[in-house]
Amino acid sequence: MQLIQETPDLSAYLAADEVIDHHHPRVRETAARLAAEVNDSYEYARAAFEFVRDTIAHSQDSGDLRVTWRASDVLEQGTGICYAKAHALAALLRAEDIPTAFCYQNLGVVHGLVAVRFRGAWHRQDPRGNKPGVDARFSLQGERLAFIPDPSSNEMDYPVLYAEPHPVVLHALRAAADRPHLWRTLPTALPDQGGR
């Protein structure tokens, strides 16, 4: 699949906003701690990915009822679903000037990933968190995602790389009183990508 940048302006994939608040002290502190332990941006990207994958609990897996969506809140509360974990990882990567996009899969519901830009190409990563049957890894040589869509079940990878989290995803996160409510209202498609 060919990944398609939503905008040709790479600086858009470094921007901060209300969701990807990479200037927040919590994000800056976490980024500085991770950066101090590595030698280059590639190692930093791997360390940030593993930090989010392994230390931020996926709230469905852990049974946490809280819904987080702002990157600094995800880091502070240590919980979130795939979208929230993608927001936290993007903030950590952008804090160290690594272009990071948001991308999605349709697995019956929309699943959130990020893509990092290294060596002139985008590489999708899935920080949702591993569990039995899920073994996502940071990789620039072939994808090691948590899930592979099954076309026979109408599942698919969406090709667009967004500079900001998709509005449909943000609406679901912000409107949810708790995770059970969010689970009932998860988006089942992205309308601008030929979703069903």
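Before reading on, note that the structure itself is shown above.
Anyway, here's the lowdown on the structure attached to this text. Counting of residues starts from 1 at the beginning of each chain's written sequence and follows it residue by residue. Whole-chain, interface and lining totals are the exception, using all residues; otherwise, since this is a predicted model, local features are given only for residues with pLDDT of at least 70 and side-chain atom pairs are given and counted only at 80 or more. Only hydrogens and water are set aside; all other atoms, that is, all heavy atoms of the structure, feed into the side-chain values.

**A closer look at the sheet that holds strand 5 (residues 110–118)**
Read across the open sheet, the four strands follow the order 6-5-4-7; overall the sheet is antiparallel. Two strands bound the open sheet, and with one partner strand each, they are strand 6 (121–125) and strand 7 (156–157). Two strands pair when backbone bridges link them, and strand 4 (residues 100–106) and strand 5 are joined in this way by seven bridges, in the antiparallel orientation. Considered in strand 5, the bridge of tyrosine 104 is made with glycine 112. Here, residues are in contact when the closest pair of their heavy atoms is within 4.5 Å. Axis lines are fitted to C-alpha atoms, over the contacting stretch for helices. Their N-to-C directions set the angle, which ranges from 0 to 180 degrees. Under the scheme used here, helices are H or I runs from DSSP no shorter than 4 residues and strands are E runs no shorter than 2 residues, and both carry numbers assigned from the N terminus. Packing against the sheet, helix 5 (residues 82–95) makes contact with strand 4 and strand 5, and its axis sits at approximately 15° to strand 5. The pairing criterion is simple: DSSP has to find at least two bridges between the two strands.

**Some thoughts on empty space enclosed by the protein**
Put simply, the grid is 1 Å and covers the protein atoms alone, a cavity is a trapped set of points that fit a 1.4 Å probe, a pocket is an open set with protein on both sides within 12 Å along at least five of seven lines, and lining residues have an atom within 4 Å of a point. Grid points are joined across faces, edges and corners, and a volume is the space filled by probe spheres set on the points. This model, assessed by the stated rule, comprises one cavity of 30 Å³ or more. Here the largest cavity defines a volume of roughly 30 Å³. When its residues are assigned to classes, the lining of the largest cavity shows three nonpolar, three polar and two charged. Three classes are used: nonpolar for Ala, Val, Leu, Ile, Met, Phe, Trp, Tyr, Cys and Pro, charged for Asp, Glu, Lys and Arg, and polar for all others, with Gly counted as polar.

**Remarks on the layout of surface pockets**
Any empty space left between the atoms is revealed when a probe the size of a water molecule rolls over them. What the largest pocket holds in volume is close to 200 Å³. Looking at the lining of the largest pocket, the elements with two or more residues in it are helix 3 (59–62) and strand 5. The residue inventory of the lining of the largest pocket, partitioned by class, reads eight nonpolar, three polar and three charged.

On their own, these measurements won't tell you what the molecule is for.
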